[in-house]
Amino acid sequence: SAGGNQAMSIGTAINQSASGASIHVGAGTYAEQLALNKAGLTLTGQAGAKLVVPDAAEVNGIAISANNVTVQGMEIAGPINSPYYDYYATTKPNISRGIAVGDGITGFTIQNNNIHDVRNGILIHGRNSTGTVSNNRIENTKSGISVQYTDATGISIAGNSEGSVGNEWGLNLHLNGN
């Protein structure tokens, strides 16, 4: 809901919200790709809030392109239906991402999410980026958390975990550059 009003979709709530708004996502399964493009937005998933990410070329479940955005409490799930090491070895799938943080985004917080069955759990464009990635459960991905171009200076990454299947790479720094 945005401002106390029920929204037809999460995207509608985002579009109707002002910068700094808090958006609460109720229980249910949502097949949307979300663009968090207003400064200070907080997206909070209630118990049972699940965002489904399709297996498509360069698709992000949630794209963060504004400063001081928080994503918390969401289940973000892709279509992978076998362990990542079998899935990626055989089908050469598209690139699905749970959460992608854009270039130069500062003050982001990604916490207490359950991200699974996508190619990349969290992708951060590391140049001039600051934020926190904490206490997320990331499971069955090729890359759990990837930071592009940098060693993640300015980004606090702590308390994240995986389940029994794991991830091919847990934390990958300097992706696509050195």
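The following refers to the structure shown. (Residues numbered from 1 in each chain as written. Predicted model: local features only at pLDDT ≥ 70, side-chain atom pairs only at ≥ 80, totals over all residues. Heavy atoms only, no water.)

**Quick look at the layout of surface pockets**
- The volume enclosed by the largest pocket comes to roughly 190 Å³.
- Along its surface, the largest pocket is lined by I95, R97, R119, N120, L123, K142, S143, S146, Q148, W169, L175 and N176.
- Listed by contribution, the elements that provide at least two residues to the lining of the largest pocket are β12 (120-125), β15 (143-148) and β17 (169-175).
- Looking at which element gives the most residues to the lining of the largest pocket, the answer is β15, with three residues.
- Per-class residue counts for the lining of the largest pocket are four nonpolar, five polar and three charged. (1 Å grid on protein atoms, 1.4 Å probe; cavity = no way out; pocket = protein on both sides within 12 Å on 5 of 7 lines; lining within 4 Å. Points joined across faces, edges and corners; volume = space filled by probe spheres on them. Helix = DSSP H or I, 4+ residues; strand = E, 2+ residues; numbered from the N terminus. Nonpolar A, V, L, I, M, F, W, Y, C, P; charged D, E, K, R; others polar.)

**Focus on the sheet that holds β12**
- Here we have six strands laid out as an open sheet, ordered β3-β6-β9-β12-β15-β17, and parallel in their pairing. Sheet topology places β3 (34-36) and β17 at the edges, where each strand pairs with a single neighbour. Across the sheet, the mean angle from the axis of one strand to that of its neighbour is 15°, orientation sign disregarded.
- In this sheet, β12 lies alongside strand β9 (residues 96-101) in parallel orientation, the contact comprising four bridges. Each residue of the ladder has a partner; that of A100, found in β12, is L123. (Pairing = 2+ DSSP bridges. Axes fitted to C-alpha atoms, helices over the stretch in contact; angles between N-to-C directions.)

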